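# Commentary on secondary and tertiary structure
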Amino acid sequence: MSTCSVSKGCFVFKPSPKKRKLSQKTANYFGERNNASEDTDLRFVTCQSLWNQIKSETEQIQEDLNKQLFDNLVSFLRRSHSEFQEKTTKWTCRMKSREIPTAALVLGVNVTDHDLTFRSLSEVLQNNITPYIALLEAKDCPGIKNLIQKLMGQLMNCYIDVDSLEDEDHVQVSQNRIRCSMTSIISWYQNVTKKTDSETRSKKRTSSSRHWQSPPVVVIFKDMESFTTKVLQDFIVISSQHIRELPLVLIFGIATSPMIIHSLLPHSVSSLLCIELFQSLSCKEHLSTIIDKLLLTAQFPFKLGEKVLQVLINIFLYHDFSVQNFIKGFQLCIVEHFYSQPLSVLCCPLVDAKKRVNSLSRDQCENIRRLPSFRRYVENQVSEKQILLLTADNFLKEITQKLLEDLHVYHENYVSVLRCLHVFTSSLPKYPLGKQIRELHCACLENQVWQTEEYESFLQLARMLNKSDLVTMLEQCVEIFVSSSGKEFDKIVEKLKEFLTQFQELEVAEAFQERDGSVSAQKELQKKTDLYHLQKTLLELKESRRSRKLTKFEMLRFEVVEYIDSLVRAHLVPADHKTLHEIVYFNTASVLRGHLNAAPRVALHTSLNNPYCYLKNQALKNDGGNISNKAPDICIVYKLHLECGRLINLVDWLEAFSTVVTAVEGPNADATSSDQRLDFVAGVLAAWKELNCRILNQHQQKQRHYSSHIFQWNYCQKSDLKVS
């Protein structure tokens, strides 16, 4: 690559991704903290292994959630393509009317997740339908010429299988040499299909040939709302004129509503499309599934505290509705937990954790003794046991193994009882404890849920459930406890089945009682009654209602609710009440909020006032409030401004800047030269320009000299402000 140029310039050489080398291993960052322990490598390996398991689980979840949608799209494309191949009457009619088969794919407002969905869809289509797929974005297609060029470039890359990252120059040259038009695409498609037909005739059919004889060309508009109306109209009109030669299928990615198609396209253009609507799963349902599979399970030892989980959910609900960003935030929590917590080496499966406890060092044992939850545990023990826990490391390791096992059993029981409680709360009116299970989970993590007003209202509503709903809920709870692997669930299942048996017996008894009641009622009707006996009967009924005893069903319903309440009080204890919960729970919500929540004003102030926070340069580190001359000019100017009031004198500001910069020379240094003086002025002016300040107020009594002008500083002005 030549670096010859007419004028001076800066030439950038982008390294190849394959040749790029990391200057430092990622595992080394775990040992850069002051409190780094000797098992940082093991912590890093554990963190990496845990994240790989969670990542594979999330990919499987997303694949399962999108399976039905992708299957419907594949069947739609097969149906359209088979009609084109067989030349049926229905397809012939469509060809006469020049209609293009179009799939309107409504994905929702979580735009950041659309890229992953389209990549997965593209892989599914390439494996089952066609290799000719083009993904178009509005930013790459400002005009119809750009759209055709982008379309042809991607289709040719699909055929020749060229990696655009490795050979960008060759692909660009090939696109420029070929005239980009719909006629060129048709001729290219015909040549490609003829070549593939000849190959299939000469060779036997193998498992690698997944596609049909003349596969369709699928064009995916990832963000249809962002495309201009003229570009879409021109492309649809041109494509409809060549639909007989080119089996084109369009897929519109829609974030808002399918009505956007009719808003962007007039009837004369939309009538050229044969549209079929496809709806993806809601992002809220997707999030609920992710939380259910990753957090509400004993499969993964790592857990999120209530405040941390609430931060991630609030970012999802109030910012972007992005499941991918939620997963990235969850990944950040895992990395931060293993990076900041030395005892996170025990955040692993129970069998491995017990083995690692035996090999803990003296320092790690002291770290266990410093945990607040372990201190509370020691305080509740007898004096002899307290001495052993604080002095004997072997005894401490034995107790730690037992406490870790108790914590594992707690998680298994917690999840099952939480699901059982959600079965009851999700069917009650107004959802006193939340409609989603994540809301109930946060309420249980925050405090003792049975002490809240919402739980009291839940108990009151549960005591008014009818028999059919109550039986259905008990059957669902039995299924939950039977499918779970927690201990002590055999007795719970037996008790719930006993309740179901009592309800069945009660139903049989009520049937006999109704039959006897109907016979007695007929006999009473045959008797003659006067007014006196009628009044007496009504008074007796009124008194009986006041002192009415509970029926058998009401007593049984009360027992069921009390039993569920006892399970909640026994197993839904907040996690921070359990000993050694700091090992597996990440509770530092402030760190997560600082990484994820956007605070530009605070970030700007921190970077200007303390550049060491971001640059990590030891020369910029200062303990006191003094200003370092090693700091960038913009930081020096900003800190000097902070020392002034509302108005600042330009000469004083410039002299202060000169004093700070030349402080290293000492008091005996010679006077600064004119060139250095000009450098100082240039540095100040450049800093003013970067800080977007301008003259807002001049002092009326000092206009004779430019050096005596008075300025007002405002660093929060808009970007169009300049230095006067």
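Residues numbered from 1 in each chain as written. Predicted model: local features only at pLDDT ≥ 70, side-chain atom pairs only at ≥ 80, totals over all residues. Heavy atoms only, no water.

Now for the nonpolar core. The biggest cluster of nonpolar side chains holds 104 residues, and the ones touching the most others in it are Phe 374, Phe 424 and Phe 481. Here this core takes 14 residues from helix α17 (residues 393–425), the largest share from any one element. With near-sequence residues (within four places) excluded, Phe 374 lies in contact with Ile 368, Arg 369, Leu 389, Leu 396, Leu 403, Thr 579 and Leu 580. Ranked by size, the runner-up nonpolar core spans 40 residues in total, among them Tyr 132, Cys 141, Met 152 and Leu 265. (Core = buried A, V, L, I, M, F, W, Y, C linked by side-chain atoms within 4.5 Å. Buried < 20%, exposed > 50% of the residue type's maximum accessible area, 1.4 Å probe, protein only. Helix = DSSP H or I, 4+ residues; strand = E, 2+ residues; numbered from the N terminus. Contact = heavy atoms within 4.5 Å.)

Another point: the environment of Leu 135. Turning to its location among the elements, Leu 135 is positioned in strand β2 (residues 133–136). Looking at Leu 135, the relative accessible area reads 23%, which means it is partly exposed. Along the primary structure Leu 135 and Lys 222 are separated by 87 residues, whereas in three dimensions their C-alpha atoms are 6.7 Å apart.

Another aspect to go through is the confidence of the model for the chain. Across the chain, pLDDT averages 79, with 74% of residues at or above 70. Note that residues 159–176 has pLDDT below 50 and, in this model, 14 contacts with residues that lie over four places away or in other chains. For the stretch residues 203–209, pLDDT sits under 50, and the model shows two contacts to residues farther than four places along the chain or on other chains. (pLDDT = per-residue confidence, 0-100.)

A few words now on the pairing of strand β4 (residues 248–254). With seven of seven residues buried, β4 lies mostly within the body of the structure. Bridge count between strand β1 (residues 100–106) and β4: five bridges; the pairing is parallel. Residue pairing in the sheet places Val 106 in a bridge with Ile 254 of β4. Inspection of the sheet shows strand β3 (residues 217–221) paired to β4 by five bridges, in the parallel sense. Looking at the pairing, Ile 220 lines up with Ile 251 of β4. Crossover connection from β3 via helix α7 (residues 229–241) to parallel β4: handedness right-handed. (Pairing = 2+ DSSP bridges. Right-handed = clockwise from strand over helix to strand, strands pointing away.)

In this model, Tyr 431 sits at a positive phi of 45°, which is unusual for a non-glycine residue. Structurally, Tyr 431 is set in the loop between α17 and α18 (437–446). Positioned with a positive phi, Leu 580 is a non-glycine residue whose angle comes to about 65°. By the secondary structure assignment, Leu 580 is in the loop between α23 (552–571) and β7 (585–586).

Our next topic: the packing of aromatic side chains. Scanning the model with the defined rule gives 14 aromatic pairs in all. Where Phe 221 meets Phe 227, the ring centres are 5.1 Å apart and the plane angle is 80°; that geometry is what we call edge-to-face. Comparing Phe 221 with Phe 227, the two get one shared label, buried. Taken together through their ring pairs, the aromatic side chains of Phe 221, Phe 227, Phe 235 and Phe 252 make up a single cluster. (Phe/Tyr/Trp six-rings, centres within 6.5 Å; stacked < 30°, edge-to-face > 60°.)

On the surface, a nonpolar cluster with roughly 400 Å² of combined accessible area is contributed by Leu 531, Leu 534, Leu 538 and Leu 541. Take Leu 534: it is sitting in helix α22 (residues 531–546). (Patch = residues over 30% accessible without salt bridge, like charges linked within 9 Å, V, L, I, M, F, W, Y side chains within 5 Å. Areas by Shrake-Rupley, 256 points an atom, 1.4 Å probe, with all protein chains shown as cover. Salt bridge = Lys/Arg side-chain N within 4 Å of Asp/Glu carboxyl O.)

It is worth spelling out the packing of α17 against α18 at this point. Their axes nearest at 10 Å, the elements α17 and α18 cross at an angle of 120°. The orientation of α17 relative to α18 falls into the category oblique. As for how α17 packs across α18, the hand of that crossing is right-handed. Contacts from Tyr 414, Leu 418, Arg 419, Leu 421, His 422 and Thr 425 of α17 reach α18 at Ile 437, Leu 440, His 441, Cys 444 and Leu 445. Looking at the contact of α17 with α18 residue by residue, the class counts come to seven nonpolar, three polar and one charged. (Axes fitted to C-alpha atoms, helices over the stretch in contact; angles between N-to-C directions. Parallel < 35°, antiparallel > 145°, perpendicular 65-115°, else oblique. Left-handed = near helix turned anticlockwise from the far one by under 90°. Nonpolar A, V, L, I, M, F, W, Y, C, P; charged D, E, K, R; others polar.)

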